[in-house]
Amino acid sequence: MSFPTIAHCIKSYTMIRYNYLCINEVDMINEVVSVKMPVKEKIRILKNHFEPENATGREARLSLVTGIHGDELDGQYVCYEVIRQIKAHPELLTGTVDVYPCINPLGMDMGARGIPMFDLDMNRVFPGDNNGAMAEYVAAEVVNDIIGSDLCIDVHSSNVYIKEAPQVRLNEDCADKLLPYAKIMNADFVWVYSSITVREATLAYSLNKLGVPTLVTEMGVGLRINNAYCRQLIDGIFNIMIELGIWQGERPAVKEPIMSTEGQVDFIHAEHAGLFVSALGEQMGHIKKGERIGDIISPVDGEILQEIISPADGIVFSLRENPVIYKGTLLARVYAVR
Amino acid sequence: MHKEVLFSVEGLYREDNEITGYRFGHGEKAACIIGAMRGNELQQLYICSQLIRTLKTLEEHGAISHNKEILVVPTVNMYGINVEKRFWPIDNVDINRCFPGDMNADSPKRIAKALFDSVQGYSYGIQFASFYMPGDFIPHVRMMETGFQSPSLANLFGLQYVVTRKPKPMDTVTLNYSWQMNGTNAFSIYTNATDTVDEKSARQAVSAVLRFLTRMGIVKYNNHSGYIASVIEEHELMPVKSDTAGFYKRLKEPGDPVYHGDVIAQVTDPYEGEIIKEIKSPTDGIIFFAHTAPMVMENAVIYKIIRRMHE
Ligand SMILES: [Zn+2]
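Turning to chain A, the UniProt record has this under Cofactor (unreviewed entry): "Zn(2+)".

Next comes the structure, spelled out in C-alpha cells:
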C-alpha cells in the first residue's frame, strides 16, 4: 500500500528479533483463540508454551489456567512467577508447561467476574460449543487446547465478597484420582465436596470428564493479590512439576493440608442485615470454640446486632470480606476435626 | 383480589425488598404466574401488571371459576429493577440460578426458597422469561424436556410456536426446572422485548395466558382462539453466525420467511462505512430469533431459523 518508512523497518526488525528470541528461548506465546469485537479489536486468549530444549514430544505436560473469573487476580501473579522461574532456569525444565493466564480478558480489564457484555459466568459454559456464541466458542477452543495434558491446575481467587485460605477443591466423583495431587499442592486445606449438577459446566468438571485430571485452587479475595498465598501456591505448583518429572529444581518444603473428609465444615450465616466487622487479624486460621469471629453492627443506631462466635475448635478458612451483609449472608466457614 | 407480602428481605438502608403476591379466587392451587426474576425484565413486569389488572376485573365479574386459585407474583427483584441491574444487586447473583433455594444461605437463595415455597403445588406454573443475549423472538412457549413436560398443554396458549429443549446443567437451578421436578406443569413465555415495553407483544402474552387459563377451566374469558402451535426442538433451529464484526444491519424480522441465499444481514466497517460482509441465509425457513444490537461481534448468533418451514 505504501513504501516502507524508517519506522516500518525498525518495527519489522523488532518483530523478527522478537520471533527469533522466542524460537531460541524456552517459551513461545501463542494465541489459542481470538474473536473480533465490533470496533477494530480482538479478544485474544493467550498461552505461553514451554518445552525443554531437545524435546522428544513424550514429556509430561502441565497446563496452568487462570482468569476464568475476571475479578480474580492472584493467578496473574502465580503465572508471572512460574514463568519467571522457568525462564531463569530453562535447564531445569524436563517437561511441557502451558500457561493460560487469562480466559476472560474483558472481565479482568473491568474488574468484572463474568463476561461484561452479558454478565455471563464463563465457568458455567464449559465444555463449550464450537458452533455456539462467543463464550461457548472460546470455552470449546480452550478445552480443546488443554486436552492431552497430564494435569491441569485451575487457579481461582474467591470473589470480592469473601476471602479464602489457600485450598484445593475437588468433586467427590474424582477424589480418588485427584487426592494424591491435591495433598502435595502446599494448600492449607483440601475440600472434597459432594457433586451437584450445576457444577458440571465448569472447566474442571469438563476436563476431568474428558480425561485430564484437573485441580481447582481457591485463595485470597477478588481484585487483590495476596503475595503470601501466591508464594505458597507457587511452591505447590513446582512441587507438582517435580512429581510429574517436569522440573528438576530443588523440591520446596510443602505443608500437609487439612482434609475436609476428616472433619466437618460449619457454615456461619448472618442473622441480620448490617455491617460485618471481623475480629480476626489479617490471616484466618486456628480458632477455639466460643472465640469471637466478629460482630454484625448497626451503624445507624450504634448497636451490636449479632456476635459471631466459633461453634468449634477448628480453622476459619473462609471469611466475609465485603462488610455490607444481609440476613443469610455467609460470614465464615469453620473446619472442625470430628 | 387479595394482595399479600410473600417474603421480605431487610436491607441495610434501603426499604425492604418485599415480594408481593396477588391472589384471585379461592380453593385449589390452579395456576401461578411469575414476572420479572431479573431487574432488567421490564416487559415481563409490565405483562404481569396488565394481567393483574385484567384478572381483577374478571374476578369482580365472577369470572374466576369456583374452587380455583391463581397467584401472580410481578417480581422478586424490586431492588434490581430500581438500580437497573439484571441480578440481585447484593453480591450480584442471578436469582434464577438459585432454585430450589435454601433458607440457611445468602439472600438470593433465601428469596428462591421463599418464592418456591409460595409457588409450589400449583397445577400450572407460568414464567415470563428473557434471554441473556440481545435479540427478539417470535413470541413462544418454551419447555424443558425433564420427562414431565407436556407440549400438548403448551399448545393451549395459542401462540404460534412451542419450543422444547434438553436441560443443560445450568438449567437445573432454575425455577422452571424445580417446578417440573415437583409436579407443576411449567412453561416459560418469551415475547419480543426485555428492557423495553412492547405493548403489542405484551397484549399477546396477556391474551395467551388468559386463553390458557380459560381452556383449563380456571377463568371464563372470551378471546380469539389463537394458533395451533408448531412444536419445535431447540436443536432443530439453525443458528446463523456472523463471521466478522462491525455495525450490524438486520434485514429480516422474527416471523419473516427466508430463502436459501437471501441476504439477511449486512456488516459494515465501523470507521469507513463500507459493507464488509453480506450474510446469506443458509436455508429456507422462518426467522425465529434475530439479534437486535446496532453492532455485532464475530461469532455472535444473529439469527435462528426454523428450517424448511413456510408461512
Ligand atoms: Zn473463580
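Colleague: Would you explain the overall build of chain A in this entry?
Modeller: Each helix and strand counted, chain A has seven helices and 17 strands in total. Over its C-alpha trace chain A gives a radius of gyration of 22 Å, about what one expects of a compact globule, namely 20 Å for 338 residues. Taking the principal axes of the C-alpha coordinates as reference, chain A spans close to 75 × 45 × 35 Å. Across the 338 residues that make up chain A, the buried fraction comes to 54%. Of the contacts formed within chain A by residues at least 6 apart in sequence, a portion of 69% connects residues at least 24 apart.

Colleague: Help me out: how do you make sense of the nonpolar core in this one?
Modeller: Across soluble globular proteins, you tend to see nonpolar side chains buried next to one another. Within the largest apolar cluster, 63 residues are counted, with the highest numbers of intra-cluster contacts made by Leu64(A), Val78(A), Leu170(A), Ile237(A), Met241(A) and Ile293(A). Examining the composition of this core, we find that nine residues originate from one element, helix H7 (residues 227-243) of chain A, more than from any other. Summarising the domain contributions, this core has at least three residues from each of domain 1 (6-256) and domain 2 (264-336) of chain A. Core analysis: the second largest hydrophobic core is formed by 47 residues, Val212(A), Val240(B), Tyr303(B) and Ile305(B) among them.

Colleague: How do you make sense of the coordination of the zinc ion when you look at a structure like this?
Modeller: Under ideal tetrahedral coordination, the four donors around a metal are separated by 109.5 degrees; under ideal octahedral coordination, the six donors are separated by 90 or 180 degrees. Residue and element names in this part refer to chain A. For the zinc ion, the full set of protein donor atoms is His69 (ND1), Glu72 (OE), Glu72 (OE) and His156 (ND1), at a range of 2.0 to 2.5 Å. Geometry at the zinc ion is irregular, judged from its four donor atoms and the angles of 57 to 143 degrees they form at the metal. Between consecutive donor residues of the zinc ion, the sequence gaps follow H-x2-E-x83-H. Grouping residues by exposure puts His69 and Glu72 together as buried.

Colleague: Looking at this model, I keep getting lost on the layout of surface pockets. Mind explaining?
Modeller: Empty space among the atoms becomes visible once a probe the size of a water molecule is rolled across them. All names here are of chain B. Taken as a whole, the second largest pocket encloses approximately 820 Å³ of empty space. Around the second largest pocket, the lining comprises 41 residues; the ones closest to its centre are Asn40, Tyr132, Met133, Pro134 and Asp195. Listing elements by their share of the lining of the second largest pocket, those giving two or more residues are helix H1 (42-60), strand E6 (135-137) and strand E17 (295-296). Considering only residue class, the lining of the second largest pocket consists of 23 nonpolar, twelve polar and six charged.

Colleague: Quick question: what am I supposed to make of the interface of chain B and chain A here?
Modeller: Accessible area lost when the parts come together is the quantity often used to give the size of an interface. On the side of chain A, 38 residues touch chain B, which itself brings 37 residues to the contact. Where chain B abuts chain A, roughly 3200 Å² becomes buried across the two surfaces, and 63% of that area is made up of carbon and sulfur atoms. On the chain B side of the interface with chain A, the three residues burying the most area are Leu12(B), Tyr132(B) and Met297(B), jointly 20% of the side's total. Counting across the chain B and chain A interface gives two salt bridges. Of the charged contacts in the structure, one is a salt bridge between Arg320(A) and Asp91(B), with a shortest N-O distance of 2.9 Å. Taken together, the connections running from chain B to chain A amount to eight residue pairs in polar contact (both at pLDDT 80 or more). Mapped onto the side of chain B that touches chain A, the elements with two or more residues apiece are helix H3 (107-119) and E17 of chain B. Of the residues that constitute the side of chain B that touches chain A, the class distribution is 21 nonpolar, eight polar and eight charged.

Colleague: Would you take a moment to explain the confidence of the model for chain A for this structure?
Modeller: The predicted structure's coordinates, where accompanied by low pLDDT, should not be read in detail. With 92% of its residues at a pLDDT of 70 or more, chain A has an overall mean of 91. Low confidence marks residues 1-24 of chain A, where pLDDT is under 50. Its contacts with residues over four positions away, or in another chain, come to four contacts.

Colleague: Mind showing me how you'd approach the domain arrangement of chain A here?
Modeller: Residue and element names in this part refer to chain A. By domain assignment, chain A separates into domain 1 (6-256) and domain 2 (264-336). With 13 residues of domain 1 at the interface, the matching set in domain 2 holds 14 residues. Between domain 1 and domain 2 lies a buried interface of about 1200 Å² when both sides are counted; carbon and sulfur atoms form 59% of it. In this assembly, domain 1 and domain 2 are joined by one salt bridge. Where Glu164 meets Arg333, a salt bridge forms, and the shortest distance between an N and an O atom there is 2.9 Å. Where domain 1 meets domain 2, there are six residue pairs in polar contact (both at pLDDT 80 or more).

Colleague: Teacher, can you tell me more about empty space enclosed by the protein here?
Modeller: All names here are of chain A. All told, the structure shown has two cavities of 30 Å³ or more when counted by the stated rule. Empty space within the largest cavity amounts to approximately 70 Å³. What lines the largest cavity is Ile43, Ile45, Ile103, Asn104, Pro105, Leu106, Ile115, Met122, Met134, Ala135 and Val138. Mapped by element, the contributors of at least two residues to the lining of the largest cavity are strand E2 (41-50), helix H3 (105-110) and helix H4 (134-146). Among the elements that make up the lining of the largest cavity, the one with the highest residue count is H4 (three residues). Residue classes in the lining of the largest cavity are distributed as ten nonpolar, one polar and no charged. Size it by volume and the second largest cavity reaches roughly 50 Å³. Around the second largest cavity, the lining residues are Pro166, Gln167, Val168, Met185, Asn186, Ala187, Thr217, Glu218, Met219 and Leu233. Elements that contribute at least two residues to the lining of the second largest cavity include exactly strand E6 (162-171) and strand E8 (214-220). Here the residues of the lining of the second largest cavity sort into six nonpolar, three polar and one charged.

Colleague: Help me understand the pattern of salt bridges in this model?
Modeller: Two side chains of opposite charge can pair, provided their charged atoms sit close to one another. Residue and element names in this part refer to chain B. All told, the structure shown has 29 salt bridges over all chains when counted by the stated rule. The closest approach of N and O atoms between Asp117 and Lys113, which form a salt bridge, is 3.2 Å. Residue Asp117 and its partner Lys113 are located together in helix H3, separated by four residues, close to a single helical turn. A residue is classified by how much of its surface remains accessible, and Asp117, at 38% relative accessible area, is partly exposed.

Colleague: Is there a simple way to think about a negative patch on the surface in this case?
Modeller: Residues and elements named next belong to chain B. On the surface, Glu10, Glu15, Asp16 and Glu18 cluster together into a patch of negative charge. Structurally, Glu18 can be placed in strand E2 (residues 17-24). Here Glu18 falls in the partly exposed class, since its relative accessible area comes to 39%.

Rules of the game
- Residues numbered from 1 in each chain as written.
- Chains lettered and ligands numbered in written order.
- Predicted model: local features only at pLDDT ≥ 70, side-chain atom pairs only at ≥ 80, totals over all residues.
- Heavy atoms only, no water.
- UniProt positions renumbered as here; feature names shortened; annotations may be inferred.
- Helix = DSSP H or I, 4+ residues; strand = E, 2+ residues; numbered from the N terminus.
- Rg over C-alpha atoms; globule rule 2.2 N^0.38 Å.
- Buried < 20%, exposed > 50% of the residue type's maximum accessible area, 1.4 Å probe, protein only.
- Contact = heavy atoms within 4.5 Å.
- Core = buried A, V, L, I, M, F, W, Y, C linked by side-chain atoms within 4.5 Å.
- Domains from an automatic or database assignment.
- Donors = N, O, S within 2.8 Å, 3.2 Å for Na, K, Ca; no water.
- Tetrahedral: all angles 85-135°; square planar, octahedral: opposite > 155°, others 65-115°.
- 1 Å grid on protein atoms, 1.4 Å probe; cavity = no way out; pocket = protein on both sides within 12 Å on 5 of 7 lines; lining within 4 Å.
- Points joined across faces, edges and corners; volume = space filled by probe spheres on them.
- Nonpolar A, V, L, I, M, F, W, Y, C, P; charged D, E, K, R; others polar.
- Buried area = accessible area lost by both parts, 1.4 Å probe.
- Salt bridge = Lys/Arg side-chain N within 4 Å of Asp/Glu carboxyl O.
- Polar contact = N/O pair within 3.5 Å; in protein donor to acceptor, adjacent residues only side chain to side chain.
- pLDDT = per-residue confidence, 0-100.
- Patch = residues over 30% accessible without salt bridge, like charges linked within 9 Å, V, L, I, M, F, W, Y side chains within 5 Å.
- Areas by Shrake-Rupley, 256 points an atom, 1.4 Å probe, with all protein chains shown as cover.
- Lys, Arg positive; Asp, Glu negative; His and termini not counted.
- Charge placed at Lys NZ, Arg CZ, Asp CG, Glu CD.

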